[in-house]
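Residues per chain are reported as follows:
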Amino acid sequence: MSAWARTLDQLMRERAAALFGYAYVLTGNADDAEDLLQDALVRTFRSGKRIGTLDSTHAYVKRAISTTFIDRHRRASARPSRDRGDDGDYSLARASAAGPDHAGRVDAQLDLHAAILTLPPRERACVVLRYLDDLPVAGVASELGLAVGTVKRYLSDAVARLREVCADVDFDTPESIPVDAHFQGGR
């Protein structure tokens, strides 16, 4: 087995759930998240060269996920498209809730996630990296290859939109955004 294949194997064994979760937060759909992760892995490993350590490979794949996501939306906005039905519509998820014990919290999380999905791709990527991945603004700028001022503008616009829908979420402290972390591995 080649060095790049060993790195890919180790990455998928140890970090696949975290990478899928990151892609899912951006896309809002499990099938689209799988496709996005697959495309990012192909972009990362198509040359056959070893990337480096597991941490650097993980970071590289995350960046590939972000750029692939933004590129897809840029390409899609340039082409005419059909309505895709209920993509991003969580009314069906609310209607089939199992029990009323924590429905309010689940509804708030679904509302926040639905609101994040309404953001333009770059704003969404900035919000995810800043508030869900807990990167500083400079880190978000570096990750997306943008100027710090541009990231601040995207975050400002996105937070203003999100506050309209989710007034109870405090975007000043990244820890206040309700996220259920089902996977506790990875980094």
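Note that the structure is a prediction, hence the values are computed from the model and not measured.

Engineer: Run through the packing of helix α1 (residues 3-27) against helix α2 (residues 30-45), naming residues and quoting values.
Structural biologist: How two helices pack is summed up by the angle between their axes together with the distance between the axes. Contact geometry for α1 and α2: axes closest at 9 Å, N-to-C directions at 140°. When the interaxial angle is binned, α1 and α2 end up oblique. Crossing of α1 over α2 shows right-handed handedness. From α1, Trp 4, Thr 7, Leu 8, Leu 11, Met 12, Ala 16, Leu 19, Phe 20, Ala 23, Tyr 24 and Thr 27 reach across to α2, where they touch Ala 30, Asp 32, Ala 33, Glu 34, Leu 36, Leu 37, Leu 41 and Phe 45. Across the contact of α1 with α2, the residue classes tally to 15 nonpolar, two polar and two charged.

Engineer: Can you explain the environment of Val 140? Please cite residues and give values.
Structural biologist: By secondary structure assignment, the location of Val 140 is in helix α7 (residues 137-144). For the pair formed by Val 140 and Cys 126, sequence separation is 14 residues and the distance between their alpha carbons is 6.4 Å. Among all residues touching Val 140, those that are not within four sequence positions of it are Cys 126, Leu 129, Arg 130, Leu 135 and Val 151.

What counts, and at which threshold
- Residues numbered from 1 in each chain as written.
- Predicted model: local features only at pLDDT ≥ 70, side-chain atom pairs only at ≥ 80, totals over all residues.
- Heavy atoms only, no water.
- Axes fitted to C-alpha atoms, helices over the stretch in contact; angles between N-to-C directions.
- Helix = DSSP H or I, 4+ residues; strand = E, 2+ residues; numbered from the N terminus.
- Parallel < 35°, antiparallel > 145°, perpendicular 65-115°, else oblique.
- Left-handed = near helix turned anticlockwise from the far one by under 90°.
- Contact = heavy atoms within 4.5 Å.
- Nonpolar A, V, L, I, M, F, W, Y, C, P; charged D, E, K, R; others polar.

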